[in-house]
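Working through the structure, step by step
Listed below are the residues making up each chain.
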Amino acid sequence: MAISDAPESVGTATGQSDSDLRLLSLRRRSSATSPGSCFDAEDAARSSGFQESLNNKNVDDNKDCKSNHAASDHIVNNDARKEHGEQVIDVKYAYRPSVPAHRRIKESPLSSDNIFRQSHAGLFNLCIVVLVAVNSRLIIENLMKYGWLIKYGFWFSSKSLRDWPLFMCCLSLNIFPLAAFIVERLAQQKCISERVVVLLHLVISTVELSYPVLVILRCDSAFVSGVTLMLFTCIVWLKLVSYAHTNYDMRALAVSKEKGETLPNTLIMEHPYTVTIGSLAYFMVAPTLCYQTSYPRTPSVRKGWVFRQLVKLIIFTGVMGFIIEQYMNPIVQNSHHPLKGNLLYAIERILKLSVPNVYVWLCMFYCFFHLWLNILAELLRFGDREFYKDWWNARTVEEYWRMWNMPVHKWMVRHIYFPCIRNGIPKGGASLIAFLVSAVFHELCIAVPCHVFKLWAFIGIMFQVPLVWITNYLQNKYRNSMVGNMIFWFIFCILGQPMSVLLYYHDLMNRKGEVD
């Protein structure tokens, strides 16, 4: 609190009487009183002859002082002033020297017990400023040293026309949701039995997953095209499973209701069991993997907001491409296989690759989970937009996997984890099965476009299981600490993704060398 050397001047109106000045002095003493030193203002008011007018106010002030230990407001009661014909004057009073400055035990803001109980917006802004300054210098230095390394042919080239079979395959994926709808419509009309329904859904989902894999493997397509097709394939497969599983459960509940069985409140369906092409079509384009007949909807579409998000999406996609072409590609091309050759050299390459890799990954997360999914949700008026939580604060690896990708997490919980629990599988086994399914799909999305099946992505995901146990143990042993969060960031930034990038790059280059 800044204290002025010169005393503050108090302006008074002309013609004030002595009693007015005495009253103003008494109010000044009352308002200058600080927490913890609430003196009896009633005695002072009694001496000036205004006990009756100030009684209620001072009693309330004393109650506030006793309960909250808060200072009296410097703004006096205007009604009391007007009652005695006094002009209202706003005065800022000084902090009295006799008031105690230390009243209770307090921790420093950066102490371990207090650091996570307050806002760090200023430090966050400082980090942004430092990052912009440091990376701007690095970008300028890189451009002066190596020149413009971005190759437009990688992103926009006439050779991309050779990927037309993948594009046609992506368009043909619409056949499988239509087939699933026909099966469900027949099941609703009780034209086929439940066993036949399950068998048909298994065939549809298996063909939907196998068909794009065969197309990618038979075509010498670009890596980006293959990854895009595999992502669409996995999304459609997850949606088909949810569609079939949810309708199966809704039919079972409808049958139980027809028989007059009493169901728990949690199993009472908000909407009747119906199979419509409109609900399936909305589900296939909605930013969710969990099917239901109706979703929370927003009242309207904010067109200006959508435009701003699209501009951000274009900007951050360009930043991501710049980092890949200007930084990551030269580092990877000038490296050796991390499991072969000099160990120190491999560590140096991994550490050098870790920083741009983190930037690219964060840009990818922001572009897809925040910008694209929110744009899609806004256009479809999809209400539930919790596509991620604060995964950056995860104290265990298990927390990270529960928070960073909410659509997949909800799908895993709904269609893998709890069905395993209901069938008698222990929680540890159910979690292991969920990680196994995730590892298989990560391997498909990377290994198939690369035409390299070394199981690096599969091993990387399954390696998360012991990390879950380790970080859970550390969190239970060292409560209220961020040891698990530090381990997560170390694995995430240094040991995990940069190592995978180098492994797949060199395996892909070796494969191309053998083919050539």
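Note that residues are indexed from 1 along each chain, following the sequence as it is written. Given that this is a predicted model, residues contribute local features only at a pLDDT of at least 70 and side-chain atom pairs are listed and counted only at 80 or more, while totals for whole chains, interfaces and linings are drawn from all residues. Side-chain measures were taken over the full set of non-hydrogen atoms in the model, leaving aside hydrogen atoms and water.

Within an unreviewed UniProt entry, the label attached to the chain reads O-acyltransferase, and the organism entered is Phaseolus angularis. UniProt positions are given in the numbering used here, feature names are shortened, and annotations may be inferred rather than shown by experiment. What UniProt records for the chain under Sequence similarities (unreviewed entry) is the sentence "Belongs to the membrane-bound acyltransferase family. Sterol o-acyltransferase subfamily." The UniProt entry for the chain carries the following comment under Subcellular location (unreviewed entry): "Endoplasmic reticulum membrane".

1. Digging into the UniProt feature "transmembrane region" (unreviewed entry) in the chain
As annotated in UniProt, the feature "transmembrane region" (unreviewed entry) corresponds to residues 123-144, 164-184, 196-217, 223-241, 310-328, 358-380, 455-474 and 486-506 in the numbering used here. The way it works is that DSSP assigns letters per residue, a run of H or I at least four long becomes a helix, a run of E at least two long becomes a strand, and they are numbered from the N terminus. End-to-end, the C-alpha atoms of residues 310-328 are 26 Å apart, and along that stretch the chain is 100% helix and 0% strand. Between the C-alpha atoms that bound residues 358-380 the distance is 31 Å, and the span itself is 100% helix and 0% strand.

2. A short note on the packing of helix α9 (residues 194-218) against helix α16 (residues 427-450)
Axis definition: a line fitted to C-alpha atoms, over the contacting stretch in the case of helices. Angles run 0 to 180 degrees between N-to-C directions. Viewed as axis vectors pointing N to C, α9 and α16 meet at an angle of 25 degrees, and their least axial separation amounts to 9 Å. One way to sum up the angle between α9 and α16 is to call them roughly parallel. Contacts from Leu 209, Val 213, Ile 216 and Leu 217 in α9 reach Phe 441, Leu 444, Val 448 and Pro 449 in α16. Among the residues forming the contact of α9 with α16, the class breakdown is eight nonpolar, no polar and no charged. Oblique is the label for any angle not under 35 degrees, not over 145, and not in the 65 to 115 range, which are roughly parallel, roughly antiparallel and roughly perpendicular in turn. The criterion used for residue contact is that any of the two residues' heavy atoms lie within 4.5 Å. Under this grouping Gly is polar, as are all residues other than the nonpolar Ala, Val, Leu, Ile, Met, Phe, Trp, Tyr, Cys and Pro and the charged Asp, Glu, Lys and Arg.

3. Overview of unusual backbone geometry
Here Lys 190, not a glycine, exhibits a phi torsion of approximately 60 degrees, which is positive. In this scheme, a residue with accessible area under 20% of its type's maximum is buried, one over 50% is exposed, and one in between is partly exposed, where area comes from a 1.4 Å probe on protein chains only. The class for Lys 190 is exposed, based on a relative accessible area of 65%. Phi angles above zero are rare outside glycine, and Arg 381 is one such case at about 55 degrees. Topologically, Arg 381 is positioned in the loop between α13 (343-380) and α14 (397-403). Assessed through its relative accessible area of 30%, Arg 381 is described here as partly exposed.

4. As for the environment of Ile 182
Within the secondary structure, Ile 182 sits in helix α8 (residues 175-188). Take Ile 182: its relative accessible area is 45%, and that puts it in the partly exposed class. Put simply, Ile 182 and Ile 277 are 95 residues apart on the chain and 9.3 Å apart in space, counted from C-alpha to C-alpha.

5. Quick look at a nonpolar patch on the surface
Residues Leu 110, Leu 123, Leu 126, Val 130, Val 134 and Leu 138 make up a contiguous nonpolar surface patch of about 520 Å² in total accessible area. Looking at where Leu 126 falls in the secondary structure, it is placed in helix α5 (residues 121-146). For Leu 126, a relative accessible area of 48% translates into the label partly exposed. Only residues whose relative accessible area exceeds 30% and that take part in no salt bridge are eligible for patches, with like-charged residues grouped when within 9 Å of each other and nonpolar side chains (Val, Leu, Ile, Met, Phe, Trp, Tyr) grouped when within 5 Å. For accessible areas, the Shrake-Rupley method is used with a probe of radius 1.4 Å. Any residue's cover is judged against the shown protein chains and nothing else. For salt bridges, the criterion is a side-chain nitrogen of Lys or Arg within 4 Å of an Asp or Glu carboxyl oxygen.

6. Some details on the environment of Ala 430
Among the secondary structure elements, Ala 430 is positioned in helix α16. The class for Ala 430 is buried, based on a relative accessible area of 0%. As for Ala 430 and Ile 416, which are separated by 14 residues in sequence, their C-alpha atoms are 7.5 Å apart.

7. Comments concerning helix α18 (residues 464-477)
Expected span of a helix: the number of residues minus one, times 1.5 Å. The terminal C-alpha atoms of α18 lie 20 Å apart, and with 14 residues this matches the ideal 20 Å at 1.5 Å per residue to within 8%. When α18 is considered as a whole, its buried residues turn out to be Gln 464, Val 465, Leu 467, Val 468, Thr 471, Leu 474 and Gln 475.

8. Re the layout of surface pockets
Taken as a whole, the second largest pocket holds about 1,700 Å³ of empty space. Cavities and pockets were defined on a 1 Å grid built over protein atoms only: a cavity is a set of grid points that admits a 1.4 Å probe from which the probe cannot escape, a pocket is an open set flanked by protein on both sides within 12 Å along at least five of seven lines, and lining residues are those with an atom within 4 Å of any such point. Together, 42 residues line the second largest pocket, and Leu 131, Asn 135, Val 355, Tyr 359 and Leu 362 are the ones closest to its centre. Only α5, α12 (303-333), α13 and α19 (483-515) provide two or more residues apiece to the lining of the second largest pocket. In terms of residue count, α5 provides more of the lining of the second largest pocket than any other element does, 13 residues in total. Grid points are joined across faces, edges and corners, and a volume is the space filled by probe spheres set on the points.

9. Focus: the nonpolar core
In these notes, a set of buried Ala, Val, Leu, Ile, Met, Phe, Trp, Tyr and Cys residues joined through side-chain atoms within 4.5 Å is what counts as a nonpolar core. Ranked by internal contacts, the top residues of the largest apolar core, which has 61 residues, are Met 230, Tyr 243, Trp 391, Tyr 400 and Trp 411. Here this core gets nine residues from one element, more than from any other, and that element is helix α10 (residues 223-258). Structurally, this core is a two-domain feature, drawing no fewer than three residues from each of domain 1 (163-285) and domain 2 (301-513). Listed in part, the 12 residues of the second largest apolar core include Ile 323, Ile 331, Ile 350 and Val 360. Reported domain spans reflect what an automatic or database domain assignment gives.

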